[in-house]
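# Coordinate analysis (summary)
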Amino acid sequence: MTDFLQLFFSGLATGSVYALAALGFTLLWQASGTINFAQGEFVMLPAFMMLGFQAAGLTLLPAFVATCLLAVFVLGWAFKRGIADPLLRFGMMPIVVATIGLSIAMRNGVRAGYSAEAHPFPSLFADQIFNIAGVTITMADIGTLGCALALVLATQAFLSKTVTGRAMQAVAQNTESATVLGINVPRMIFYTFAINALLACAAALLVAPVYLAKFDMGEGLGNKAFFAAIIGGFNNSRGALLGGVIVGVAENLAAAYISPAYKDAVALVLFMIVILFKPQGLLGKKEMRKV
């Protein structure tokens, strides 16, 4: 039982990072109908941005703030104006192909322009270990889980409790009606892209100390985040949290009790099961979307 609890808790911490990246998938889909297959690289790039700001003399938190500002411009505004806006008018397939190409370009760009090596990344949390009923828990695990949970809940509260958040959801449901009601549709969509960029920065801050900053760190993360978003419900923010936690815990248990060789296949298997029996996801709903 102790071993199970150990694996379960560490899986929660890993899954919470998947949830942050998965939340970006759901937000972009809800607001603009965009599926961003470069989402993993959107987490990788801020990690290297933070390393660059630290190399320039900033400490971790100021580097994180500077990275957030830069990411809102590069991963938010520039991505929306340069890729999403021109291509979405032609349907979903062009944006899918473009973001897959973007992910490859970002990986190779960082590899060529920065380094192909894995770089150590400072942790936001103290190097402290707790032993509770035989279960070893690190401060990093607690902090990662707590920060990710707080960000997901805060995003959900923003969408459901604020005027801007409700306007963003109105745009997601029916852009024509939202325009008639006087909602600035382009601005609401930009807010969604900006929030996605900020969540990617937070995910980078949490995951890079564990997995190191490497040019290909976003590849596996993006795939698992996509599966987590589908499992939880692609049109439900809370589903991103549920899907991320399920994937994180399941892959930890599979690696320990079956074989580490199957760890990366767990998310795919869960994804296939959910698609077959509940295509809208565990918390998702059938959409009545009009654009």
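Please refer to the structure placed before this passage.
Figured I'd write up the structure that's included with this text. The structure displayed is predicted, hence computed values, not measured ones. Position numbers for residues start from 1 in each chain and track the written sequence from start to end. Where local features are concerned, this predicted model is filtered to residues with pLDDT of at least 70; where side-chain atom pairs are given and counted, the filter is 80 or more; whole-chain, interface and lining totals use all residues. The side-chain quantities take in all heavy atoms of the structure and omit both hydrogens and water.

What follows covers the state of the cysteines. For the purposes of this analysis, a disulfide is any pair of cysteine sulfur atoms at a distance within 2.5 Å. Under the defined criterion, the tally for this structure stands at zero disulfides. No disulfide involves Cys68; its nearest neighbouring cysteine sulfur is the one of Cys201, lying 4.2 Å away. Only protein chains enter the accessibility calculation, which uses a 1.4 Å probe. A residue is then buried if its area is under 20% of the maximum for its type, exposed if over 50%, and partly exposed in between. For Cys201, a relative accessible area of 0% corresponds to the buried category.

Along the chain, Pro94 turns up in helix 4 (residues 92-113). You can call Pro94 partly exposed: its relative accessible area is 27%. C-alpha separation for the pair Pro94 and Phe130, spaced 36 residues apart in sequence, amounts to 49 Å. The numbering of helices and of strands both runs from the N terminus, where a helix is a DSSP run of H or I of at least 4 residues and a strand a run of E of at least 2.

Take the nonpolar core next. In summary, soluble globular proteins display a tendency toward joint burial of nonpolar side chains. Only buried Ala, Val, Leu, Ile, Met, Phe, Trp, Tyr and Cys residues count toward a nonpolar core, and they belong to the same one when joined by side-chain atoms within 4.5 Å. Counting 76 residues, the largest nonpolar core has Leu20, Val43, Phe121 and Phe234 as its most contacted members. Sort the elements by how many residues they give to this core and helix 8 (residues 185-211) lands first, with 16 residues. Working rule for contacts: check all heavy atoms of both residues, and any pair within 4.5 Å makes them a contact. If we skip the residues at most four places from it in the chain, Val43 touches Ala21, Ala200, Ala203, Ala204, Val207 and Leu221. In terms of nonpolar packing, the next biggest core, distinct from the first, is built from seven residues, Leu7, Val135, Ile137 and Val249 among them.

The subject of this paragraph is the packing of helix 2 (residues 39-55) against helix 8. Here the axes come from fitting lines to C-alpha atoms, over the contacting stretch only for helices, and the angles between their N-to-C directions go from 0 to 180 degrees. Contact geometry of helix 2 with helix 8 gives a least axis separation of 8 Å together with a crossing angle of 65°. On the basis of the axis angle, helix 2 is roughly perpendicular to helix 8. Helix 8 is crossed by helix 2, and the crossing has right-handed handedness. Contacts between helix 2 and helix 8 pair Gln39, Phe42, Val43, Pro46, Ala47 and Met50 from the former with Asn196, Ala200, Cys201, Ala203, Ala204, Leu205, Val207 and Ala208 from the latter. A breakdown of the residues in the contact of helix 2 with helix 8 according to their chemical character gives 12 nonpolar, two polar and no charged. Working rule for angles: under 35 degrees goes down as roughly parallel, over 145 as roughly antiparallel, 65 to 115 as roughly perpendicular, anything else as oblique. Note on convention: near helix rotated counterclockwise from far helix by under a right angle means a left-handed crossing. Clockwise means right-handed. Side-chain classes are defined by residue name, with Ala, Val, Leu, Ile, Met, Phe, Trp, Tyr, Cys and Pro counting as nonpolar, Asp, Glu, Lys and Arg as charged, and the others, Gly among them, as polar.

For the rest of this paragraph, the subject is the packing of aromatic side chains. Describing an aromatic ring pair means giving the distance of the ring centres and the angle of the ring planes. Ring geometry is summarised as follows: Phe, Tyr and Trp rings, the Trp one being its six-membered ring, pair when their centres sit within 6.5 Å, and such pairs are stacked at plane angles under 30 degrees, edge-to-face over 60 and tilted between the two. What the rule picks out here adds up to 14 aromatic pairs. Pairing Phe25 with Phe226 gives two aromatic rings, centres 5.5 Å apart and planes at 65°, and the pair type is edge-to-face. Here Phe25, found in helix 1 (residues 2-32), pairs with Phe226, found in helix 9 (residues 217-232); they are 201 residues apart in sequence, far enough to count as distant. The pair formed by Phe25 and Phe226 is uniform in burial state, with each residue classed as buried. Seen in terms of ring centroids, Phe25 and Phe234 are 6.3 Å apart; in terms of plane orientation they differ by 40°. Their pairing is tilted. Taken together, the positions of Phe25 in helix 1 and Phe234 in the loop between helix 9 and helix 10 (237-257) put the pair 209 residues apart, joining distant regions of the chain. Take Phe25: its relative accessible area is 2%, and that puts it in the buried class. The class for Phe234 is buried, based on a relative accessible area of 11%.

Right, let's get into the pairing of strand 2 (residues 135-138). By the alternation rule, side chains of strand 2 split into Val135 and Ile137, which are all buried, and Thr136 and Thr138, of which none is buried. Being paired, for any two strands, means DSSP has found at least two bridges between them. Pairing between strand 1 (residues 129-132) and strand 2: four bridges, direction antiparallel. Looking at the pairing, Asn131 lines up with Thr136 of strand 2. What sits between strand 1 and strand 2 in their antiparallel hairpin is a turn of two residues, with Ala133 showing a positive phi close to 55°.

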